[in-house]
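Coordinate analysis (summary)
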Amino acid sequence: HFGAGGITFGQFQSTLHCLGSRIEERDAVKWLGQSLDSLLFTPRVVATALIGYGILFILVERLMKSRADRVSDVNAIRLGQAFAIGCFQALAVIPGTSRSGSTVLGARILGIGRSAAAEFSFFAAIPVIVAASALKIYELADYTVKRSVALPPSVIPIFALSGAVAFAVSMISIKFLTEFIKKH
């Protein structure tokens, strides 16, 4: 492992060079991404994740019926709980795993009420959506620069309007779904 008591990144990198591996970081990341894609994006993995999470949801909900929620308001979620829920959110890298489903499942396991779990899951989506949007904007800009293609100025207001409409619809949906979860 790296850091205190382990090898440093520099030592690790030097070792790779000594072994004749001239792996550039971007190539290693690309290779790792392709390797993970080939391992994870299979019908078996997707089906297992879908079925497995469905069973987990049923089991957790049955278990939580007999217990009182420790946290019923999203504002009462502590930092440690938020971190643990974030770890569950990371499971969404597995194909067939819902990001919101994994965060709600993690929150429920931690004793957080359904409504607070769903609301927190929506809040947790914001950085993910912003990061994905920023990546898409970067990729579009990179594409246009590399190919010397200019976007017509008229598309910028369309992009802005579509982003605003998507945001408004998502806020309305969040409000509706949290109210629905509170009642059911």
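All of the points below concern the structure found in this document. (Residues numbered from 1 in each chain as written. Predicted model: local features only at pLDDT ≥ 70, side-chain atom pairs only at ≥ 80, totals over all residues. Heavy atoms only, no water.)

Observations regarding the pattern of salt bridges
- Enumeration according to the criterion identifies six salt bridges in this entry.
- For Arg 108, the salt bridge goes to Glu 61, with nearest N and O atoms at 3.0 Å. One end of the pair, Arg 108, is in helix α5 (residues 99-109); the other, Glu 61, is in helix α3 (residues 43-65), with 47 residues separating them in the sequence.
- Judged by its relative accessible area of 4%, Arg 108 falls in the buried class.
- Classification of Glu 61 by relative accessible area gives buried; the value is 16%.
- Between Glu 179 and Lys 175 there is a salt bridge whose closest N-O contact spans 3.6 Å. Here Lys 175 and Glu 179 lie together in helix α7 (residues 155-183), a separation of four residues that amounts to about one turn.
- Bridged by salt links that share partners, the residues Glu 61, Asp 69, Arg 108 and Arg 114 form one connected network. (Salt bridge = Lys/Arg side-chain N within 4 Å of Asp/Glu carboxyl O. Helix = DSSP H or I, 4+ residues; strand = E, 2+ residues; numbered from the N terminus. Buried < 20%, exposed > 50% of the residue type's maximum accessible area, 1.4 Å probe, protein only.)

What about the side chain of Thr 103?
- Topologically, Thr 103 is positioned in helix α5.
- Among the residues examined, Thr 103 registers a relative accessible area of 1% and is labelled buried.
- Not counting residues up to four positions away in its chain, the partners in contact with Thr 103 are Ile 85, Gln 89 and Ser 121. (Contact = heavy atoms within 4.5 Å.)

As for the layout of surface pockets
- Taken as a whole, the largest pocket spans an internal volume of roughly 440 Å³.
- Residue lining of the largest pocket: 15 residues in total, with Ile 126, Ile 129, Ala 166, Phe 167 and Ser 170 positioned closest to the centre.
- Broken down by element, the lining of the largest pocket gets its largest block of residues, nine residues, from helix α6 (residues 114-146).
- Grouping the amino acids of the lining of the largest pocket by side-chain chemistry returns 11 nonpolar, three polar and one charged. (1 Å grid on protein atoms, 1.4 Å probe; cavity = no way out; pocket = protein on both sides within 12 Å on 5 of 7 lines; lining within 4 Å. Points joined across faces, edges and corners; volume = space filled by probe spheres on them. Nonpolar A, V, L, I, M, F, W, Y, C, P; charged D, E, K, R; others polar.)

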